[in-house]
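Read off the chains here:
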Amino acid sequence: MTNYALKLELPWVEKYRPHLLKDVVGNTETIERLQLIAKEGNMPHLIISGLPGIGKTTSIHCLAHELLGDAYNNAVLELNASDDRGIDVVRNKIKQFAQKKVQLPKGRHKIIILDEADSMTPGAQQALRRTMEIYSNTTRFAFACNQSNKIIEPLQSRCAILRYGKLADEEVLKRLLEIIKKEDVKYSNDGLEALIFTAEGDMRQAINNLQSTVAGFGFVNGENVFKIVDSPHPLVIKKMILSSVEGDIDTALEYLKTLWDKGYSAIDIASTSFKVTKNLTTLSEAKRLDVMKEIGVTHMRVLEGVGSFLQLSALIARISYLK
């Protein structure tokens, strides 16, 4: 096996996962609050909510590392959405861990991390209420979720709630460039733009797409990235939208047919059209909003099951009519 193949064995998402809070990208103010907790040592029960791939679970693990040091392996229990987390798990596994005696640094607590906590059953969440109170002297809970409103009110009131925002393009770019330098990846600027465009602020997605492109093609450029993520090329979509706005329906339909013949689904074309239009600075803001409204209506119809070529053709006609 070549050295290069060995390099690709470990997913880069894991290889470059931060272990200290200062290395976590983005959400600076929230990370500073966690660093303060790590410094003082008295961690409250936490709920961290936000979009996927922006560092919620990583932050909790970094906090646990800084609080517990060498005791981390024995004093942290992580349960993911893939585990069975019904009421029995709360009554047995979580309770047993909370009762377990562990040698800890002075003033520190054991930590139970519940990832994707918003997918826990309401019954299991109700069962956690009493457990959190009984064992709060020795154990603290950290919930990571996409939507905090899916966690029942009694649990929310027992926790400090931190919200993570989407990562900025510059923050994603900075981390990608660090990985590219360490892995000696050959790339072009349009390849980086494509990675950032397809990730939409999701760091995990960006790193996975980077590694997949390197594994598949060895060179990161725009065309290769869009082949890997199997997404319509935004330049073609941009030409289609601009032709529609200018009232050139025939040209716009030709671009649409090119994408359709390549096998892209209606939902791919509609969602990429929305992303492209959002950043289309050549159009006035009012015009962009009108076009996005029409794309939104089409997207809704496609999601309802009407994903035909005719539906997308009608979208082009409606955008042209705006002129």
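Residues numbered from 1 in each chain as written. Predicted model: local features only at pLDDT ≥ 70, side-chain atom pairs only at ≥ 80, totals over all residues. Heavy atoms only, no water.

Visitor: Please explain the sheet that holds strand 3 (residues 110-114) as it appears in this structure.
Guide: Each strand in a sheet pairs with its neighbour through backbone hydrogen bonds, running either in the same direction (parallel) or in the opposite one (antiparallel). One open sheet accounts for five strands, arranged 2-3-4-1-5; its pairing is parallel. If you trace the sheet from one side to the other, it starts and ends with strand 2 (76-79) and strand 5 (160-163), each paired once. The mean inter-strand angle of the sheet, taken between neighbouring strand axes irrespective of direction, is 15 degrees. Two strands pair when backbone bridges link them, and strand 1 (residues 46-49) and strand 4 (residues 139-145) are joined in this way by four bridges, in the parallel orientation. Residue pairing in the sheet places Ile48 in a bridge with Ala144 of strand 4. Packed on one face of the sheet, helix 7 (residues 122-134) meets strand 3 and strand 4 and runs near 145 degrees to strand 4. (Pairing = 2+ DSSP bridges. Helix = DSSP H or I, 4+ residues; strand = E, 2+ residues; numbered from the N terminus. Axes fitted to C-alpha atoms, helices over the stretch in contact; angles between N-to-C directions. Contact = heavy atoms within 4.5 Å.)

Visitor: Where do I start with the nonpolar core in this structure?
Guide: In a soluble, globular protein the nonpolar side chains are often hidden away together inside. Residues Leu34, Leu63, Leu210 and Ile241 are the most contacted members of the largest nonpolar core, which totals 70 residues. Dropping the residues within four chain positions of it, Leu63 is found in contact with Leu21, Leu34, Ile37, Ala38, Met43 and Leu46. (Core = buried A, V, L, I, M, F, W, Y, C linked by side-chain atoms within 4.5 Å. Buried < 20%, exposed > 50% of the residue type's maximum accessible area, 1.4 Å probe, protein only.)

Visitor: Would you mind going over the pairing of strand 1 with me for this structure?
Guide: Within a regular strand, side chains alternate between the sheet's two faces. Going residue by residue along strand 1, you find Leu46 and Ile48 tucked away on one face and Ile47 and Ser49 tucked away on the opposite face as well. Looking at chain direction, strand 1 and strand 5 are connected through four bridges and run parallel. Bridge assignment links Ser49 to a residue of strand 5, and that residue is Arg163.

Visitor: Before we go on, may I ask you to explain the packing of aromatic side chains in this structure?
Guide: For any pair of aromatic rings, geometry is given as the distance between the ring centres together with the angle between the planes. On inspection of all chains with the given rule, the structure shows three aromatic pairs. Measuring from ring centre to ring centre gives 6.3 Å for Phe197 and Phe226, while their planes differ by 70 degrees; the resulting arrangement is edge-to-face. Of this pair, Phe197 sits in helix 10 (residues 189-199) while Phe226 sits in helix 12 (residues 222-229), placing them 29 residues apart in sequence. Residue Phe197 shares its accessibility class with Phe226, and that shared class is buried. Arranged with centres 5.7 Å apart and planes meeting at 65 degrees, the rings of Trp260 and Phe309 form a pair that is edge-to-face. Of this pair, Trp260 sits in helix 14 (residues 249-261) while Phe309 sits in helix 17 (residues 309-322); the two residues are 49 residues apart in sequence, bridging distant segments of the chain. Exposure remark for Trp260: the relative accessible area of 27% places this residue in the partly exposed category. Judged by relative accessible area, Phe309 falls into the partly exposed class, the value being 28%. (Phe/Tyr/Trp six-rings, centres within 6.5 Å; stacked < 30°, edge-to-face > 60°.)

Visitor: Explain the side chain of Asn27 here, please?
Guide: Along the chain, Asn27 falls in the loop between helix 2 (12-15) and helix 3 (28-40). Overall, Asn27 belongs to the buried group, its relative accessible area being 16%. Here Gly165 takes part through its backbone nitrogen, which lies 2.7 Å from a polar atom of the side chain of Asn27. The contact partners of Asn27, leaving out residues within four places of it in the chain, are Ile54, Tyr164, Gly165 and Leu167. (Polar contact = N/O pair within 3.5 Å; in protein donor to acceptor, adjacent residues only side chain to side chain.)

Visitor: Even after reading the chapter, I still don't get helix 12, so can you show me in this structure?
Guide: Working note: α-helix, 3.6 residues per turn, so residues spaced by three or four point in the same direction. Within the span of helix 12, buried status applies to Gly222, Asn224, Val225 and Phe226. On its buried side, helix 12 packs onto helix 10, helix 11 (203-217), strand 7 (219-220) and helix 13 (234-245).

Visitor: Honestly, helix 14 in this entry has me stumped. Any pointers?
Guide: Compared with the 18 Å implied by 1.5 Å per residue over 13 residues, the 18 Å span of helix 14 between its first and last C-alpha is a close match. For helix 14, the set of buried residues is Ala252, Leu256 and Leu259. Buried residues of helix 14, viewed axially, fall in a sector of 60 degrees; they line one side. The outward face of helix 14, more than 90 degrees from its buried face, is lined by the exposed residues Asp250, Glu254 and Asp261. Residues of helix 14 that are buried make contact with helix 13, helix 15 (266-278) and helix 17. (Expected span 1.5 Å × (residues − 1). Arc of directions from axis to C-beta.)

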